[in-house]
Amino acid sequence: MAGSEIKKAQEQLFAPGTSSRAKYATLVVGQPGFGALLKYEFVVMLTQARPGAIGLALRKTLYPWLLGSCGRKVIFGQNVVLRHPHKIHIGDHVVIDDNCLLDAKGESNRGIRIGSRVFVGRNTILSCKNGDIEIADGANIGFNCEVFSASRVTVGKDVLMAAYGYIIGGDHDFSDSSAAVLAQSRKSAGVAIGDGVWLGAGAEILDGVAIGEHAVIGAGAVVRDNVGPHAIAVGIPARVVSSRVAQTDR
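This section reports on the structure supplied with the text. (Residues numbered from 1 in each chain as written. Predicted model: local features only at pLDDT ≥ 70, side-chain atom pairs only at ≥ 80, totals over all residues. Heavy atoms only, no water.)

### So, the nonpolar core
Among the nonpolar cores identified, the biggest contains 55 residues, and Leu102, Ile167 and Ile211 are the most heavily contacted of them. Looking at this core, the element that brings in the most residues is helix H3 (residues 34-48), giving five residues. Excluding residues within four positions of it along the chain, Leu102 makes contact with Val81, Leu82, Arg83, Ile88, Ile90, Ile96, Ile112, Ile114 and Leu126. (Core = buried A, V, L, I, M, F, W, Y, C linked by side-chain atoms within 4.5 Å. Buried < 20%, exposed > 50% of the residue type's maximum accessible area, 1.4 Å probe, protein only. Helix = DSSP H or I, 4+ residues; strand = E, 2+ residues; numbered from the N terminus. Contact = heavy atoms within 4.5 Å.)

### A look at the pattern of salt bridges
Under the definition given, this model contains eight salt bridges. Arg72 is paired through a salt bridge with Asp92; the nearest N and O atoms lie 3.7 Å apart. Here Asp92 lies in the loop between strand E4 (88-90) and strand E5 (95-96) and Arg72 lies in the loop between strand E1 (69-70) and strand E2 (75-76), a separation of 20 residues in the sequence. Asp92 gets classed as partly exposed once you look at its relative accessible area, which sits at 22%. (Salt bridge = Lys/Arg side-chain N within 4 Å of Asp/Glu carboxyl O.)

### Observations concerning helix H2 (residues 20-29)
Of the residues making up H2, those classed as buried are Lys23, Ala25, Leu27, Val28 and Val29. Gly30 sits one or two residues past H2 and shows a positive phi near 80°.

### Considering the pairing of strand E25 (residues 239-243)
With four bridges joining them, strand E24 (residues 231-234) and E25 adopt antiparallel strand pairing. For Ile232, the partnering residue across the bridge sits in E25 and is Ser242. With antiparallel pairing between neighbouring strands as the criterion, E24 and E25 make up a hairpin whose turn holds four residues, including Gly235 at a positive phi of roughly 100°. (Pairing = 2+ DSSP bridges.)

### Looking at helix H4 (residues 52-66)
The terminal C-alpha atoms of H4, which comprises 15 residues, lie 21 Å apart, in line with the 21 Å expected from a rise of 1.5 Å per residue. The sharpest bend along H4 reaches about 30° and sits at Lys60, with the proline Pro64 one to four residues further on. Turning to H4, its buried residues number three or more, namely Gly55, Arg59, Leu62, Tyr63 and Leu66. In this structure, the buried side of H4 is in contact with H3, E2 and strand E3 (81-83). (Expected span 1.5 Å × (residues − 1). Bend = angle between axes of the 7 residues up to and from the residue.)

### Some words on the packing of H3 against H4
Remark: H3 packs on H4, axes separated minimally by 10 Å, with the N-to-C direction vectors making an angle of 160°. Relative to H4, the element H3 lies roughly antiparallel. The handedness of the crossing between H3 and H4 comes out as left-handed. From H3, Lys39, Tyr40, Phe42, Val43, Leu46, Thr47 and Gln48 reach across to H4, where they touch Leu58, Arg59, Leu62, Tyr63, Trp65 and Leu66. In terms of residue class, the contact of H3 with H4 is built from nine nonpolar, two polar and two charged. (Axes fitted to C-alpha atoms, helices over the stretch in contact; angles between N-to-C directions. Parallel < 35°, antiparallel > 145°, perpendicular 65-115°, else oblique. Left-handed = near helix turned anticlockwise from the far one by under 90°. Nonpolar A, V, L, I, M, F, W, Y, C, P; charged D, E, K, R; others polar.)

What follows is the structure, given as C-alpha cells:
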C-alpha cells in the first residue's frame, strides 16, 4: 500500500466510534448502505470458496451482480476476491484464475478495467490505491504477478507478462530522514506498457516507465527508464542490448 493509504486505512480501521460493519464496508465493499453490504456478503458466502463445477457456475452467475460491468463467458476461479467491485469492469471471454485479488479501492478513481480475451493467472494481485488499472484485449498476466497503481497503469493489447512479474505504478517519498517512510506521502507517475510487449519471468517495471510496443524485457530485469518500441532490454538496472527489428531484417 501507499504510505498515506496505509495510514488512512489504519485510521479507518482503528477510528473510535465507527462500527466494525462501517469499517468493513468502507475498506472492502466500497459502497454505503446495508443493501450493498448484504448483496456483497450473500455472493461471497455462497460462491467464493465453493469448489468444482458448481462453484464455477455460481461465480459466473453471481459475481457480475457485484461488478460495474461484466461481459460474456467470464470465468472466475475459486477464492477470487473482489474489493470495491462496482469499480471493476470486465470484457468478454476473460479468465480470472484461483486466488486472485482484484482491488479497485479508492475515493476518486475509476478502478480496474479488463478487456476481452484476457487471462489473469492464479495468485495474481491487481491493486489500486486511488489509482486506475487498464488491461487491454488479449493480454496474458502470469501466475503470482502484481500490478499496482497509485495513479494510472496501462497494459496494452496482447501483452505477455510471465510469472512473478511486478508493475509498480507508484513510489514512496523518503526525503524526510526523521520520519518513517510509512508516514510520508506516495508519489506516482504511472506506468504504460505498449501492445505486444513480453515481460520475462520476475521482471519489475518501476514507476514512471513507458515500454514501447513489441519490446522484450528479460527475466529478472529491473526497468527504471523508458524502453523504446521493439527493443530488447535485460539486467539490473535494465539496459537495451538489441532490437527485434534489427534481428528480423538480418
